[in-house]
Amino acid sequence: MADAGLGRLRTVVFVAPEKLRAGIAATLRAQGFNDVTEAGSIGDFTEHAKLDDVDLIITLSRAEETAVGDVIRNLRLGLLESSPFPVVLALLPSADKEQVMATLDSGVDDLLLFPISGDALVKRIKLFTQDRRPFVVTHDYIGPDRRINPRADQPGTTLIKVPNPVRSRSVGVSDQDIRRGIEDAILVIDRDKLRLNGLHLLRLLFDYLGDADTPPSGTLTTPDFLAACIASCDDTARRARSSSERPIRERAAATAMALRSFTATADPATDPRFSELIRSLEGVINEISAYHGTELKL
C-alpha cells in the first residue's frame with residue numbers, strides 16, 4: 001500500500017481508452033491514492049488542470065496519440081493556465097526508440113513500459129518523494145534535463161530547480177506553501193525565458209539577414225522567419241507580466257502585431273516598411289538586454 005503522504009497526491013490519469021484508464025485509476029486507489037481523477041480527452045484534462053493544481057499525471061503515450069505529447073508540452077510551456085510542474089509519468093506500450101524520444105521531448109519526467117503492476121507503478125512514483133531532475137529551459141522546450149551528470153555551467157543551458165509536488169504533498173507541505181513555490185518558480189522560468197527569446201530573435205535575424213561579415217544562411221524563408229518571430233514575440237509578451245517588464249511586454253506585443261500584418265504579403269522583404277519591422281525586432285532584443293543588464297550576444 002502507498003503511504004499516507006502519497007494518498008494526498010492530486011493525481012490525474014490522462015488516458016483515452018476508457019477500460020485502460022479505469023483500470024489504472026482503480027489500481028492507484030487500491031494502492032492508497034485517495035484523490036484520483038480520470039481524464040479521457042484533452043478537453044477533460046485541460047479543465048482538470050485549470051480547476052486545481054495537479055501533483056501527478058499518469059498518461060499513455062502511443063504513436064497514434066501525438067496530441068497527448070502536445071498537451072504535456074503545452075503544460076510545461078505554461079499555456080494551460082495551470083501549474084507547469086506536476087510530475088508526469090508516461091506509459092509506453094513498447095520501447096520503440098522514435099516513440100521514446102518523442103515522449104521525452106514533450107517534457108515528461110519518466111517513462112514506464114506498459115502493462116505494469118500496481119506495486120511497480122507505486123514504487124516508481126515513490127522515487128519522486130526524494131527528488132526530481134531540474135528543468136532545462138531553451139527557446140522551445142521547458143522540462144526535465146535529460147543529460148547524465150548535468151553541469152549548470154555548461155554553455156547554452158539553464159538549469160532550474162523546480163517544485164516537486166509529489167515530495168511536498170507526501171511530507172505534508174501546505175497548499176499555500178506549494179502554491180507559493182510554484183509561483184516563485186514560474187517567475188524564475190519566465191525571466192530566463194525572456195532572455196532566451198531575445199537570443200532566439202537575435203539568431204533569427206542573423207540567419208535571415210546575416211551581418212557585415214557573414215551572408216544570410218539562405219535556409220530561412222521569409223514566411224518561416226515571420227512565423228518564428230511572431231511565436232517568440234507572443235511568448236515574450238505573455239511572460240513579461242510584472243510592472244518592471246511593461247516596456248518589454250508592450251514592445252513585443254506591438255511587434256507581433258506588425259509581423260502579422262506582413263504574413264499575407266506576397267513578398268514582404270520588398271515592402272519599404274520591412275526595414276522598420278526589423279528595427280522593431282531589434283528593439284525587443286534591446287529591451288530584454290536592458291532588463292537583464294547585459295547585451296545579448298550569440
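Above this note sits the structure.
The residue numbers shown here count from 1 along each chain, following its written sequence. Only residues with pLDDT of at least 70 get local features here, since the model is predicted, and only at 80 or more are side-chain atom pairs given and counted; chain-wide, interface and lining totals rely on the full set of residues. The side-chain quantities take in all heavy atoms of the structure and omit both hydrogens and water.

Asks: Would you explain the pairing of strand S2 (residues 35-39) in this entry?
Replies: The two faces of a sheet get side chains in turn, since along a regular strand they alternate between them. Two strands are said to pair when DSSP picks up at least two bridges between them. Numbering of helices and strands runs from the N terminus, with a helix taken as a DSSP run of H or I at least four residues long and a strand as a DSSP run of E at least two residues long. Alignment of strand S1 (residues 10-14) against S2, held across five bridges, turns out to be parallel. Bridge assignment links valine 12 to a residue of S2, and that residue is threonine 37. Classification remark: right-handed applies to a crossover when, strands pointing away from the viewer, the course from the first strand over the helix to the second runs clockwise. At this point the chain moves from S1, through helix H2 (residues 18-30), to the parallel S2, and the crossover so formed is right-handed.

Asks: Looking at this structure, I do not really get the environment of glycine 40. What am I missing?
Replies: Positionally, glycine 40 belongs in the loop between S2 and helix H3 (42-51). Those residues in contact with glycine 40 that sit more than four places away from it in its chain are Val15, Ala16 and Arg21. By definition, residues are in contact when any of their heavy atoms lie within 4.5 Å.

Asks: Please explain the sheet that holds strand S8 (residues 159-160) as it appears in this structure.
Replies: Each strand in a sheet pairs with another by means of backbone hydrogen bonds, the pair being arranged parallel or else antiparallel. As summarised here, the arrangement of the three strands in space is S7-S6-S8, forming an open sheet in which the pairing is antiparallel. With one partner strand each, in any of the chains shown, strand S7 (142-144) and S8 form the two edges of the open sheet. Bridge count between strand S6 (residues 135-137) and S8: two bridges; the pairing is antiparallel. Bridging from a neighbouring strand, phenylalanine 135 pairs with isoleucine 160 of S8.

Asks: How should I be thinking about the environment of isoleucine 58 in this particular structure?
Replies: Along the chain, isoleucine 58 falls in strand S3 (residues 56-60). Per-residue accessibility, obtained with a 1.4 Å probe over protein chains only, is compared with the maximum for each type, and a residue is labelled buried under 20%, exposed over 50%, and partly exposed between these values. For isoleucine 58, a relative accessible area of 0% translates into the label buried. Sequence separation between isoleucine 58 and isoleucine 125 is 67 residues, and the spatial gap between their C-alpha atoms is 9.9 Å. With sequence-adjacent residues up to four places away left out, isoleucine 58 is seen in contact with Val12, Val13, Phe14, Val15, Ile24, Leu28, Leu89, Leu91, Leu121 and Ile125.

Asks: Which parts of the structure should I look at to understand the packing of helix H9 (residues 222-239) against helix H11 (residues 274-292)?
Replies: If you want to describe how two helices pack, look at the angle between their axes and the distance between the axes. Here, axes are lines fitted to C-alpha atoms. For helices the fit covers the stretch in contact, and angles between N-to-C directions go from 0 to 180 degrees. Taken N-terminus to C-terminus, the directions of H9 and H11 make an angle of 35°; their axes are 12 Å apart at the nearest point. Crossing handedness for the pair H9 and H11: left-handed. Packed against H9, whose contacting residues are Phe225, Leu226, Cys229, Cys233 and Thr236, the element H11 presents Phe274, Leu277, Ile278, Leu281 and Ile288 at the interface. Considered class by class, the residues forming the contact of H9 with H11 number nine nonpolar, one polar and no charged. Take the far helix as the reference: if the near one is turned anticlockwise from it by less than a right angle, the crossing is left-handed, and if turned clockwise, right-handed. When residues are sorted by character, Ala, Val, Leu, Ile, Met, Phe, Trp, Tyr, Cys and Pro go into the nonpolar class, Asp, Glu, Lys and Arg into the charged class, and all the rest, Gly among them, into the polar class.

Asks: Is there a simple way to think about the pairing of strand S5 (residues 110-113) in this case?
Replies: Along S5, the buried face is formed by Asp110 and Leu112; none of Leu111 and Leu113, which line the opposite face, is buried. By the bridge criterion, four bridges tie strand S4 (residues 87-92) to S5 in an arrangement that is parallel. Note that in S5 the partner of alanine 90 across the bridge is leucine 111. Taken together, S4, helix H5 (residues 97-105) and S5 constitute a β-α-β crossover, and its handedness is right-handed.

Asks: Would you explain the environment of isoleucine 189 in this entry?
Replies: Structurally, isoleucine 189 can be placed in helix H8 (residues 175-209). With relative accessibility at 4%, the residue isoleucine 189 sits in the buried group. The spacing of isoleucine 189 and valine 137 is 52 residues in sequence and 7.4 Å in space, taken between C-alpha atoms. Leaving out residues up to four positions away in the same chain, isoleucine 189 has contacts with Phe85, Val137, Ile142, Ile160, Val162 and Arg239.

Asks: When you look at the pattern of salt bridges in this model, what are you seeing that I'm missing?
Replies: Where charged atoms of side chains with opposite charge meet at close range, the side chains can pair. Counted as salt bridges are all cases of a side-chain nitrogen of Lys or Arg within 4 Å of a carboxyl oxygen of Asp or Glu. Using the criterion set out here, one finds 24 salt bridges in the structure. Residue lysine 193 is joined to aspartate 235 by a salt bridge in which the shortest nitrogen-to-oxygen separation is 2.9 Å. Note that lysine 193 is positioned in helix H8 and aspartate 235 in helix H9, a separation of 42 residues in sequence. Taking relative accessible area as the criterion, lysine 193 reaches 2% and is therefore assigned buried.

Asks: Just to check I follow, could you spell out the sheet that holds S1 for this structure?
Replies: Read across the sheet, five strands follow the order S2-S1-S3-S4-S5 without closing on themselves; strand pairing throughout is parallel. The two strands at the open ends of the sheet, each matched to only one other strand, are S2 and S5. The sheet shows a mean angle of 20° between the axes of neighbouring strands, taken without regard to direction. The sheet strands contacting H5 are S4 and S5, and the helix crosses S4 at an angle near 165°.

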